[in-house]
Structure formats: structure tokens, C-alpha cells
Amino acid sequence: MDDALSVYAAFARNNAWANHRLHRAMAALDDAAFDAPRVNVFPSLRATAVHILEVDLLYLDALDGARSAALADDVDRGELRRRQRVTDDRLIAFCDRLTSEAAARAVDLDRRTWVQVERADRILLHLFQHQIHHRGQAHAMLADTRVAPPQLDEFFLAEEAPLRADDFQELGWRDDGVWP
């Protein structure tokens, strides 16, 4: 992979790691706390997690031409976590095979009332930023529960791989902090 493009693969893995940590924290909540009304753009942790996944699917579908099954607002938490993991793996695979030509390719984004055309690499950057933004909101909502919010504000560094070994093992990744 081109060194300039390897950053996308690293961002995709960091994104999956952060989603993994967030979903693990949310799994410690009971259903009432997960669904409790909270002050945010989306009214609950469930609604925020569903939104994150729906937008991931929207952009990934546009990037690779696949179509994902619709997501119900009341999706079971286990299924929501599983589908986020599958989607994160899909994003990693897309970024791992990214070439300069594919990064510059024009992609059609269906915005319901119009079709937005944008470069694939810019869509990826937008997707990563979107994830970071809404995970931050979920982090703030978790702070109002009995579950301590996980640290999500860092990028995994090779020297810190031993600190992340349990997470990486749960994700089925190498634990030496070097990707790809």
C-alpha cells in the first residue's frame, strides 16, 4: 500500500478500536439506561449508536457499491454491536485495498433529494470525522450513567500496544501495534 494511503487503513483500525471500546462500555448498561432520554443531538445512547452505524453503512455502500439491510431503531443491542463490528471490518478491508486511483474516484452519495458527487478519499475523511464527533457525544452521555466512559480521544501508538493488548485480542488483531 502507498504510504500516503496507509493513513486511511490506520484510521479505519483506530475507528474500529474506538467503536469496540464504546460498545463494550454500553453493553455494561441495562436496557433502561441504554434507552434513557439524554440531552444530545440524538435522544439516547441507542439512537446515537444507531445513527453512527446507519451513516457508516450509507457511506460504505456508496464507496463500494454494496447495499446493506435496513436498521430498525429498536435493534437489539447485541445485534447493533455485531453489525457495527461487521461494518468496521468492512471499512478496514476497503481502506486496506485503497489505491491512488480508487481514492480519487468520484463517488455518488444519495442524499435523498439530490446526489452528491465527491472523491472517495474525502468521503473517508468525512466518515472518520463523523464517527469521532458522535462517539464523543456518546462518551458524554455515558458520563451520566454508572458506567465510566472509555478513553476514546487517542490514536493507538505502537509503543502503547501492550496497554491495548486485551482490546486487540478481542478484535482478533496482532498486538504489536503495527498496521497494516
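Quick caveat, the model's predicted, so the values are computed rather than measured. (Residues numbered from 1 in each chain as written. Predicted model: local features only at pLDDT ≥ 70, side-chain atom pairs only at ≥ 80, totals over all residues. Heavy atoms only, no water.)

Attention now moves to the packing of aromatic side chains. For the structure on display, the rule yields 4 aromatic pairs. Members of the aromatic cluster, joined through ring pairs, are Phe11, Phe128 and Phe155. The ring of Phe34 carries the charged tip of Arg77 above its face, separated from the ring centre by 4.8 Å. (Phe/Tyr/Trp six-rings, centres within 6.5 Å; stacked < 30°, edge-to-face > 60°. Lys NZ or Arg CZ within 6 Å of the ring centre and 35° of its normal.)

This next bit is on the pattern of salt bridges. Enumeration according to the criterion identifies 16 salt bridges in this entry. A salt bridge links Arg13 to Asp96; the shortest N-O distance between them is 2.7 Å. With Arg13 in helix α1 (residues 3-27) and Asp96 in helix α4 (residues 77-96), the pair connects residues that are 83 residues apart, well separated along the chain. Assessed through its relative accessible area of 9%, Arg13 is described here as buried. The salt bridge partner of Asp61 is Arg90, with a shortest N-O separation of 2.7 Å. Of this pair, Asp61 sits in helix α3 (residues 45-64) while Arg90 sits in helix α4, and the two are 29 residues apart along the sequence. Accessibility expressed as a relative area gives 8% for Asp61, which makes it buried. Each member of the salt-bridge network shares a partner with another, and the members are Arg21, Arg24, Glu154, Glu160, Arg164, Asp167 and Glu170. (Salt bridge = Lys/Arg side-chain N within 4 Å of Asp/Glu carboxyl O. Helix = DSSP H or I, 4+ residues; strand = E, 2+ residues; numbered from the N terminus. Buried < 20%, exposed > 50% of the residue type's maximum accessible area, 1.4 Å probe, protein only.)

Turning next to α4. Across its 20 residues, α4 extends 28 Å between first and last C-alpha, which sits within 8% of the 28 Å expected from 1.5 Å per residue. Buried within α4 are the following residues: Arg77, Leu80, Arg83, Gln84, Thr87, Asp88, Leu91, Ile92, Phe94 and Cys95. Elements in contact with the buried residues of α4: α1, α2 (31-35), α3 and α6 (120-142). Between the side-chain oxygen at the start of α4 and the backbone nitrogen of Gly78 there is a gap of 2.9 Å, and the oxygen is on Asp76. (Expected span 1.5 Å × (residues − 1). Contact = heavy atoms within 4.5 Å. Polar contact = N/O pair within 3.5 Å; in protein donor to acceptor, adjacent residues only side chain to side chain.)

Take the side chain of His51 next. Mapped onto the elements, His51 comes out in helix α3. Reaching out from His51, the side chain makes a polar contact with the side chain of His134 at a distance of 3.4 Å. The contact partners of His51, leaving out residues within four places of it in the chain, are Phe42, His130 and His134.

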